[in-house]
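Residue strings, one per chain:
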Amino acid sequence: MEQAQLIKAFTATVQASLHGLDALERLLEQEQQVLASRDAEALEQLAQEKLSLLKQLQHSIDGRDRLQQTAGLQPGLDDGGRLVDALKQPALANQWSELLERARRVAELNDINGRLVSQGQRTTRAALGILTGRPEQQDTYSTLRRGRRAAAGYSLGKV
């Protein structure tokens, strides 16, 4: 592949990733608000949207990885940075820096949302413990509770 073609194709994958990360960042911000409001229906809808966005984003990552391999490099961000440096294109270098920063912000937002989910699960377990008289250490979603009588083990009518 000629260098001009490589630059054009690699730039397109970086731009597609930037677009996907931008949309994912907005969605994660919405998810954070929904997690705080505990709207299960909205959360389910956002989860579907997030899955769709992640699939779209994966296409641009796969394309970028293939281009890196074509250039004799390994897939991933480290060798992507090496390719950007080797291509010596200032606009591409700026977009690559923006991609790395946006990916960092998205990962940070996702971590925050994960902590909110964990906090919600702890609150739910505590509430179930109070309502059922069972100790809190039993995980609501534990695989040990998925037996035939798992649902029968809880009775909200018994206090």
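Trainee: Where do I start with the overall build of the protein chain in this structure?
Mentor: For the protein chain, the count of helices and strands is four helices and zero strands. When the helices and strands of the protein chain are placed in sequence order, the string is α-α-α-α. Total accessible area computed for the protein chain in this model is approximately 10,600 Å², and 52% of it derives from carbon and sulfur atoms.

Trainee: Can you help me understand the packing of helix α1 (residues 3–37) against helix α2 (residues 40–70) in this one?
Mentor: For any two helices packed against each other, the geometry comes down to the angle between their axes and how far apart the axes lie. Packing of α1 against α2 leaves a shortest axis separation of 9 Å and a crossing angle of 160 degrees. Regarding the angle of α1 to α2, the classification is roughly antiparallel. Crossing of α1 over α2 shows left-handed handedness. Residue composition of the contact of α1 with α2, grouped by class: 20 nonpolar, seven polar and four charged.

Trainee: Help me out: how do you make sense of the packing of α1 against helix α3 (residues 77–87) in this one?
Mentor: Contact geometry of α1 with α3 gives a least axis separation of 11 Å together with a crossing angle of 130 degrees. Put simply, α1 runs oblique to α3. Crossing hand, α1 versus α3: left-handed. In this structure, α1 contributes Q3, L6, I7 and F10 to the contact, and α3 contributes G80, L83, V84, A86 and L87. Looking at the contact of α1 with α3 residue by residue, the classes come out as seven nonpolar, two polar and no charged.

Trainee: Teacher, can you tell me more about α2 here?
Mentor: Because each turn of an α-helix spans 3.6 residues, side chains separated by three or four positions end up pointing in the same direction. Under the 1.5 Å per step criterion, the end-to-end length of α2 is 45 Å for 31 residues, consistent within 8% with the ideal 45 Å. At the exit of α2 stands G72, carrying a positive phi of roughly 85 degrees.

Trainee: Please explain the nonpolar core as it appears in this structure.
Mentor: Generally speaking, a soluble globular protein has its nonpolar side chains buried in company with each other. Counting 23 residues, the largest nonpolar core has F10, V14, L24, L87, L92, W96 and L99 as its most contacted members. Looking at this core element by element, the count peaks at eleven residues for α1. Ignoring anything within four residues of it in the chain, the contact list for L99 reads V14, S17, L18, L21, R64 and L77.

Trainee: What am I meant to see in the pattern of salt bridges here?
Mentor: Opposite charge on two side chains allows them to pair when their charged atoms are near. The final tally for this structure, using the stated rule, is seven salt bridges. Put simply, R105 and E25 hold a salt bridge, and the shortest N to O gap is 2.9 Å. Here E25 lies in helix α1 and R105 lies in helix α4 (residues 90–132), a separation of 80 residues in the sequence. As a salt-bridge pair, D79 and R82 come within 2.2 Å of each other at their nearest N and O atoms. In this pair, D79 and R82 both sit in helix α3, three residues apart, roughly one turn of the helix. Note on D79: relative accessible area 11%, which makes it buried. Connected through salt bridges with shared partners, the residues E101, R104 and E108 form a single ionic network.

Trainee: So what exactly am I meant to see when it comes to unusual backbone geometry here?
Mentor: In terms of backbone geometry, most residues other than glycine have negative phi values and most peptide bonds are trans. Residues other than glycine seldom take positive phi values, yet K88 does so here, at roughly 50 degrees. Secondary-structure assignment places K88 in the loop between α3 and α4. Judged by relative accessible area, which is 66%, K88 ranks as exposed.

Trainee: Teacher, can you tell me more about the side chain of Q95 here?
Mentor: Take Q95: it is sitting in helix α4. Judged by its relative accessible area of 18%, Q95 is buried.

Parameters at a glance
- Residues numbered from 1 in each chain as written.
- Predicted model: local features only at pLDDT ≥ 70, side-chain atom pairs only at ≥ 80, totals over all residues.
- Heavy atoms only, no water.
- Helix = DSSP H or I, 4+ residues; strand = E, 2+ residues; numbered from the N terminus.
- Areas by Shrake-Rupley, 256 points an atom, 1.4 Å probe, with all protein chains shown as cover.
- Axes fitted to C-alpha atoms, helices over the stretch in contact; angles between N-to-C directions.
- Parallel < 35°, antiparallel > 145°, perpendicular 65-115°, else oblique.
- Left-handed = near helix turned anticlockwise from the far one by under 90°.
- Nonpolar A, V, L, I, M, F, W, Y, C, P; charged D, E, K, R; others polar.
- Contact = heavy atoms within 4.5 Å.
- Expected span 1.5 Å × (residues − 1).
- Core = buried A, V, L, I, M, F, W, Y, C linked by side-chain atoms within 4.5 Å.
- Buried < 20%, exposed > 50% of the residue type's maximum accessible area, 1.4 Å probe, protein only.
- Salt bridge = Lys/Arg side-chain N within 4 Å of Asp/Glu carboxyl O.

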